[in-house]
Amino acid sequence: MTDSFVGVEIAVVVVTASIVLAGILVGLGRALGYKRIEQFGLEELVQSVINAAIIGSFAAIIELIGAVSSSLITGACSTGTVIEQLICTMGSLNAALFSLFQELIRTLNIIGYYQSLSLDFGAFAINPFVNLSSVSDALSFQLLSLNAIMMLVELNRQVAIFVGQNALALLFPVGLVLRTFFATRKIGGFLIALALGLYVLYPVFILVFPDPAPSVANSTLVMVDFTNNSYYAAVPVIDLNDNYAIAGKMDVISGRCAEYVDYIKQMNSSNLTNGTNLSSQCSAFMTQQQNLTHNQSLDMSGDLTMISQSNSSSLARSLLYAVIAPLFSLIITIVFVRELATILGSEIGLKTVASI
């Protein structure tokens, strides 16, 4: 796996060159009788061996993480490196959030249509659905929150793409080159630790959080059922040839006809007139619209309440994945980078080994 990264190949070339250079210094020191040059060559040789060990350890870590992380994500994102899995997961979540965004706009359009209806009787006017403004305000706030979460998810996806493209190809080889030289050893150790932390730990500790995409898809289906319900269709809302059109629409939307569904379905055309006036009117209106099944919802306020609750749960899960998970992973990554940079940036030479 690591052979496909150009950065690892560059690192191998740098380490090989540093080993050859250290060997030349050791030979020159002995040939010329300068102990300092020989000692310096030995110290640099040790550092080159450590750099080679870093490459080997890095390759082993990447292989291990690639095998372990494949069990974290299922489906389309189950293959590839852990950073590729994170990119795929963020992309799938953003697509699911966009579908939720579209259905939420459609729902708000339907609510806005009914909310604006007014029955004018000359001396007075009635707005039967004016109380839908509270639901409309709640869903509008969810729409704004959803838009912000989509931007955060896309931002995290772009960060993951940047890490995947530059952690191994840029940060790791540059850090290894800088660590080869005495004056830039600490900077090189920091860049190596940063590449390891961003490429391995950062995506892993985000992926351990539950993926909110299934919850978002479920909320989208709830709104699809609402917007596709013919009884909530905004256009056409009335039939000018039917005096009961407006009243029947209100009866259906408000749920008043729901209690008569079983009663109407069990009665035949010969004894419909024996029922109450409301049940007969509801039956005639619903027959004109379409056949009503027993399980079909007719309570608009109840359906909107379920939509608001489902959306709130999905948005909370998405916010956890888009904000809390990256912050949690970033804190762990910072601690790891700090400790590892201290070790890699220190002088691990013959004197250190002798003292141990």
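What counts as what
- Residues numbered from 1 in each chain as written.
- Predicted model: local features only at pLDDT ≥ 70, side-chain atom pairs only at ≥ 80, totals over all residues.
- Heavy atoms only, no water.
- Helix = DSSP H or I, 4+ residues; strand = E, 2+ residues; numbered from the N terminus.
- Buried < 20%, exposed > 50% of the residue type's maximum accessible area, 1.4 Å probe, protein only.
- Contact = heavy atoms within 4.5 Å.
- Areas by Shrake-Rupley, 256 points an atom, 1.4 Å probe, with all protein chains shown as cover.
- Axes fitted to C-alpha atoms, helices over the stretch in contact; angles between N-to-C directions.
- Parallel < 35°, antiparallel > 145°, perpendicular 65-115°, else oblique.
- Left-handed = near helix turned anticlockwise from the far one by under 90°.
- Nonpolar A, V, L, I, M, F, W, Y, C, P; charged D, E, K, R; others polar.
- Phe/Tyr/Trp six-rings, centres within 6.5 Å; stacked < 30°, edge-to-face > 60°.
- Salt bridge = Lys/Arg side-chain N within 4 Å of Asp/Glu carboxyl O.
- Core = buried A, V, L, I, M, F, W, Y, C linked by side-chain atoms within 4.5 Å.
- Patch = residues over 30% accessible without salt bridge, like charges linked within 9 Å, V, L, I, M, F, W, Y side chains within 5 Å.
- pLDDT = per-residue confidence, 0-100.

### What to know about the overall build of the chain
Step number 1: For the chain, the count of helices and strands is 11 helices and two strands.
Step number 2: Its helices and strands taken in sequence order, the chain reads α-α-α-β-β-α-α-α-α-α-α-α-α from the N to the C terminus.
Step number 3: For the chain, with 356 residues in total, the buried portion stands at 41%.
Step number 4: Counting only contacts in the chain whose residues sit at least 6 apart along the sequence, the fraction spanning at least 24 positions is 76%.
Step number 5: Accessible surface computed for the chain: about 18600 Å², of which carbon and sulfur atoms make up 65%.

### Side note on the packing of helix 4 (residues 132-180) against helix 10 (residues 300-344)
Step number 1: Two numbers describe how helix 4 lies on helix 10: the axes approach to 10 Å, and their chain directions differ by 20°. As summarised for this structure, helix 4 and helix 10 are arranged roughly parallel, according to the angle between their axes. The crossing of helix 4 and helix 10 is left-handed.
Step number 2: For the contact of helix 4 with helix 10, the class distribution of residues is 16 nonpolar, seven polar and one charged.

### Some thoughts on the side chain of T107
Step number 1: Mapped onto the elements of the fold, T107 is located in helix 3 (residues 82-115).
Step number 2: What T107 contacts, discounting residues up to four positions off in sequence, is L139, M223, F226, T227, L304 and I307.

### Comments concerning the packing of aromatic side chains
Step number 1: Overall, the coordinates contain three aromatic pairs when judged by the stated rule.
Step number 2: Here the aromatic rings of F205 and F328 are separated by 6.3 Å at their centres, their planes lie at 65°, and the arrangement is edge-to-face. One end of the pair, F205, is in helix 5 (residues 185-207); the other, F328, is in helix 10, and 123 residues separate them in sequence.
Step number 3: Under the relative-accessibility criterion, F205 is labelled partly exposed at 25%.
Step number 4: Classification of F328 as partly exposed rests on a relative accessible area of 38%.
Step number 5: For the ring pair F209 and F328, a centre distance of 5.8 Å and an interplane angle of 75° mean the geometry is edge-to-face. Taken together, the positions of F209 in the loop between helix 5 and helix 6 (213-227) and F328 in helix 10 put the pair 119 residues apart, joining distant regions of the chain.
Step number 6: Here F209 falls in the buried class, since its relative accessible area comes to 18%.

### Quick look at the packing of helix 6 against helix 10
Step number 1: As a packed pair, helix 6 and helix 10 sit with axes 9 Å apart at the nearest point and diverge in direction by 160°. Taken together, the axes of helix 6 and helix 10 lie roughly antiparallel to each other. Crossing of helix 6 over helix 10 shows left-handed handedness. Residue-level inspection shows S215, V216, N218, S219, V222, M223 and F226 of helix 6 in contact with helix 10, the latter providing M300, D303, L304, I307, S310, N311, S313, S314, R317 and S318.

### Quick look at the pattern of salt bridges
Pairs may arise between side chains of opposite charge once their charged atoms sit close together.
Step number 1: One pass over the structure, following the stated rule, counts two salt bridges.
Step number 2: When the shortest N-O distance is used, the salt bridge between R106 and E103 registers 3.3 Å. Here E103 and R106 lie together in helix 3, a separation of three residues that amounts to about one turn.
Step number 3: Between E154 and R157 there is a salt bridge whose closest N-O contact spans 3.2 Å.

### Digging into the nonpolar core
Step number 1: Ranked by internal contacts, the top residues of the largest apolar core, which has 62 residues, are L86, L97, L146 and Y321.
Step number 2: When contributions to this core are tallied by element, the ones reaching two or more residues are helix 2 (35-69), helix 3, helix 4, helix 5, helix 6 and helix 10.
Step number 3: Not counting the four nearest positions on each side in its chain, L86 is found in contact with A160, P203, I206, L207 and Y321.

### Concerning the environment of G91
Step number 1: Position of G91 relative to the elements: it lies in helix 3.
Step number 2: Judged by its relative accessible area of 25%, G91 is partly exposed.
Step number 3: Separated by 67 residues in sequence, G91 and Q158 have C-alpha atoms that sit 9.8 Å apart.

### Remarks on a nonpolar patch on the surface
Step number 1: Together, V20, L21, I24, L28, L32, Y34 and I37 give the surface a local cluster of nonpolar side chains, amounting to about 660 Å² of exposed area.
Step number 2: Note that I37 resides in helix 2.
Step number 3: Judged by relative accessible area, which is 32%, I37 ranks as partly exposed.

### Some details on the confidence of the model for the chain
Step number 1: Summarising the model, the chain shows a mean pLDDT of 76, and 70% of its residues fall at 70 or more.
Step number 2: Averaged pLDDT values for the elements of the chain fall to 47 in helix 11 (residues 350-355) and rise to 92 in helix 6.
Step number 3: For residues 261-265, every residue scores under 50 in pLDDT, and the model assigns this stretch 13 contacts once sequence neighbours within four places are set aside.
Step number 4: Low pLDDT (under 50) marks residues 268-279, which in the prediction has 15 contacts with non-local residues, meaning those over four places away or in another chain.

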